[in-house]
Amino acid sequence: MARIYEKAYFGDKIVPIADAHLSVASSSVLYGLSVYTVFQVSVTKNGLMAFRLLLHYRRLINSARIIGMDTFEKEWNYEKFVGAVKELVSANTPIEDVFVRATVHVPDLVAGTRSRGLSNTVSMFIYEAKPIVPQDGARLKTSVWRRVPDFSIPSRAKVNGAYVNSVLGKQDAIDSGYDDCIFLDVHGHVCELSAANIFMVRDNVLITPDTTSDLLEGINRRTVLEVARDMGIQVQERGIDLTELYVADEIFASGTSAFIAPIKEVDARMIGDGKIGPITKRIKEIHWRVMHGEEEKYLDFLTSV
Ligand code: PMP
């Protein structure tokens, strides 16, 4: 388990993480009614930098909007959000790359199965930036559980309760001796991993499922697409069949806590020659450089915290 830093942001102030409590009778606990995001804060030559903070804030707002948690947007503008992140970071002064988990909870007690007009409590805490999938060639298994469709619990909304679907998929993979799962949608098309997006390379084209494929609109997914286009790599967003993965030249996963994770095996089939492919290698290297402020062109992806 990851090491968690001592000070958290909770409500409107910094508190010891042990004092950041929600009631067992809150909608957050009863129904998983919270939306969240996780972003990296990196140690760079210009100090601590948060990665694509505005996109994370916007996705949080959009998640709350989809679910109908309407008070967050009224009470939290971007400036307030950045201010809270800065307070949290300076209270903990990390000297290593870390992840920040920012969550909007519904703290109302026994409020019933509804979302609109309820109050919100924001929590943020910092933990060590440990990858959730191996970085030297992960092994994936198609999940026996399908991704929750947009018409049931939208994957576009990063809502805590929906992550039971991810837990089922990931645990099934671990139980079968794999590192993570690949979720398919109800029609059998590829969606994503338990907590990361997926890319494949076929004939030098970089391909990822389009955003109507029951997936989280990952901020690293978007970053990979932008950077790859700039590198002159041809990219496609489209539906992907499972068997296309079996015959792909390269596969990798992207995500805040997956970084860029090369995939060496899917359902007992070796991908390519089982080693990190050339496009994956280039993307992984530039992704690290962009996150750490070492690519002049993408310095505006970073916010000093
Ligand atoms: N899909 C799911 C289900 C996730 O939980 C995550 C992690 N937030 C991702 C994709 C990757 O998103 P991001 O690049 O914004 O971290």
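Look a little higher up for the structure.
Below or above, wherever it landed, is the structure these notes cover. (Residues numbered from 1 in each chain as written. Predicted model: local features only at pLDDT ≥ 70, side-chain atom pairs only at ≥ 80, totals over all residues. Heavy atoms only, no water.)

## Brief notes about unusual backbone geometry
Basically, it comes down to this: Where helices and strands are cited, they refer to DSSP runs of H or I of at least four residues and of E of at least two residues respectively, numbered from the N terminus. Here's how the labels work: a residue is buried when its accessible area is under 20% of the maximum for its type, exposed when over 50%, partly exposed in between, all with a 1.4 Å probe on protein chains only.
Phi is positive for R52, close to 50°, though the residue is something other than glycine. Relative to the helices and strands, R52 is located in the loop between β4 (47-51) and α2 (53-67). At N204, a residue that is not glycine, the phi angle is positive and equals roughly 70°. Take N204: it is sitting in the loop between β10 (197-202) and β11 (205-208). What makes N204 exposed here is its relative accessible area of 59%.

## With respect to α2
For clarity, the threshold we go by: Multiplying one less than the number of residues by 1.5 Å gives the expected span of a helix.
Along its 15 residues, α2 runs 21 Å from first to last C-alpha, staying within 8% of the 21 Å computed at 1.5 Å per residue. Taken residue by residue, α2 has L53, L55, H56, Y57, R59, L60, I61, S63 and A64 as its buried positions. Where α2 ends, the next residue or the one after it, G68, has phi of about 90°, a positive value.

## Observations concerning empty space enclosed by the protein
The line we're drawing: Only protein atoms enter the 1 Å grid, on which a cavity is a set of points fitting a 1.4 Å probe that cannot get out and a pocket is an open set with protein on both sides within 12 Å along at least 5 of 7 lines, lining residues being those with an atom within 4 Å of a point. Grid points are joined across faces, edges and corners, and a volume is the space filled by probe spheres set on the points. The classification used treats Ala, Val, Leu, Ile, Met, Phe, Trp, Tyr, Cys and Pro as nonpolar, Asp, Glu, Lys and Arg as charged, and all other residues, Gly among them, as polar.
All chains considered together, the criterion is met by three cavities of 30 Å³ or more. The volume enclosed by the largest cavity comes to roughly 70 Å³. Taken together, R147, V148, I153, P154, S155, A157, A162, Y163 and N165 make up the full set of residues lining the largest cavity. Each residue belonging to the lining of the largest cavity can be placed in one class, and the counts come to six nonpolar, two polar and one charged.

## Side note on the site of the ligand
Applied cut-off: If a single non-hydrogen atom of a residue is within 4 Å of a molecule or strand, that residue counts as near it. The term polar contact refers here to a pair of N or O atoms within 3.5 Å; inside protein, the definition further demands a hydrogen-donor-capable atom paired with an acceptor-capable atom, and it admits residues adjacent in sequence only when both atoms are side-chain atoms. Calculation of accessible area relied on Shrake-Rupley with a 1.4 Å probe; when residues are assessed, cover is drawn exclusively from the protein chains displayed. Placement in a cavity or pocket follows one criterion, namely that more than half of the molecule's atoms lie within 2 Å of its grid points.
Within the structure, the ligand sits among 16 residues, and R59, Y163, E192, N220 and T256 are positioned closest to it. K158 is positioned with one of its side-chain polar atoms (N or O) 2.9 Å from a nitrogen atom of the ligand. Between the ligand and I219, the relevant distance is 2.8 Å, taken from an oxygen atom to a main-chain nitrogen or oxygen of the residue. Protein chains shield 98% of the accessible area of the ligand, which is 390 Å² for the free molecule. In this structure the site holding the ligand corresponds to the largest pocket. The set of elements that each furnish at least two residues to the shell around the ligand consists of α6 (219-230) and β13 (250-255). Counted by class, the shell around the ligand contains five nonpolar, seven polar and four charged residues.

## Remarks on the side chain of K170
Just so we agree on the cut-off: Throughout, a contact is declared for two residues whenever any of their heavy atoms are within 4.5 Å.
Summarising the element assignment, K170 is placed in helix α5 (residues 163-175). By relative accessible area, which is 19% here, K170 ends up buried. Not counting residues within four places of it along the chain, the set of residues in contact with K170 comprises I132, V133, D179, D180, C181 and S194.

## A closer look at the layout of surface pockets
Defined as follows: Where a domain begins and ends is set by an automatic assignment or by a domain database.
Empty space within the largest pocket amounts to approximately 840 Å³. The wall of the largest pocket is formed by 34 residues, among which Y36, R101, I132, A195 and S257 lie closest to the centre. Those elements giving two or more residues to the lining of the largest pocket turn out to be β3 (34-44), α2, β5 (98-105), β6 (121-128), α5, α6 and β13. It is α5 that contributes the most residues to the lining of the largest pocket, four residues altogether. The class makeup of the residues in the lining of the largest pocket is 15 nonpolar, ten polar and nine charged. Shared between two domains, the lining of the largest pocket holds at least three residues of each, these being domain 1 (4-128) and domain 2 (138-291).

## Some details on the pairing of strand β12 (residues 234-237)
Across a regular strand the side chains alternate sides, sitting on one face of the sheet and then on the other. Stated precisely, the cut-off is as follows: We call two strands paired when DSSP finds no fewer than two bridges between them.
Sheet topology places β11 next to β12; four bridges connect them, and they run parallel. Residue pairing for β12: I207 is matched across the bridge by Q236.

## Looking at the nonpolar core
Our working rule: Throughout this description, the term nonpolar core refers to a set of buried Ala, Val, Leu, Ile, Met, Phe, Trp, Tyr and Cys residues connected via side-chain atoms within 4.5 Å.
Core analysis: the largest hydrophobic core is formed by 37 residues, its most contacted members being F39, V41, L53, F72, F81, M124 and V305. Taken together, the elements giving at least two residues each to this core come down to β3, β4, α2, α4 (78-92), β5 and β6. Sort the elements by how many residues they give to this core and α4 lands first, with seven residues. Residue-level mapping places this core at the junction of two domains, with at least three residues from each of domain 1 (4-128) and domain 2 (138-291).

## Some points on the packing of α2 against α4
Going by this rule: Note on geometry: axes are lines fitted to C-alpha atoms, helical ones only across the stretch in contact, with angles between N-to-C directions running from 0 to 180 degrees. Note: crossing handedness is left-handed where the near helix turns anticlockwise from the far helix by less than a right angle, and right-handed where it turns clockwise.
Remark: α2 packs on α4, axes separated minimally by 11 Å, with the N-to-C direction vectors making an angle of 115°. Judged by the sense of rotation from one axis to the other, the crossing of α2 with α4 is right-handed. Residues L53, L54, Y57 and L60 of α2 touch α4, and the partners they reach there are Y78, F81 and V82. Here the contact of α2 with α4 is composed, by residue class, of seven nonpolar, no polar and no charged.

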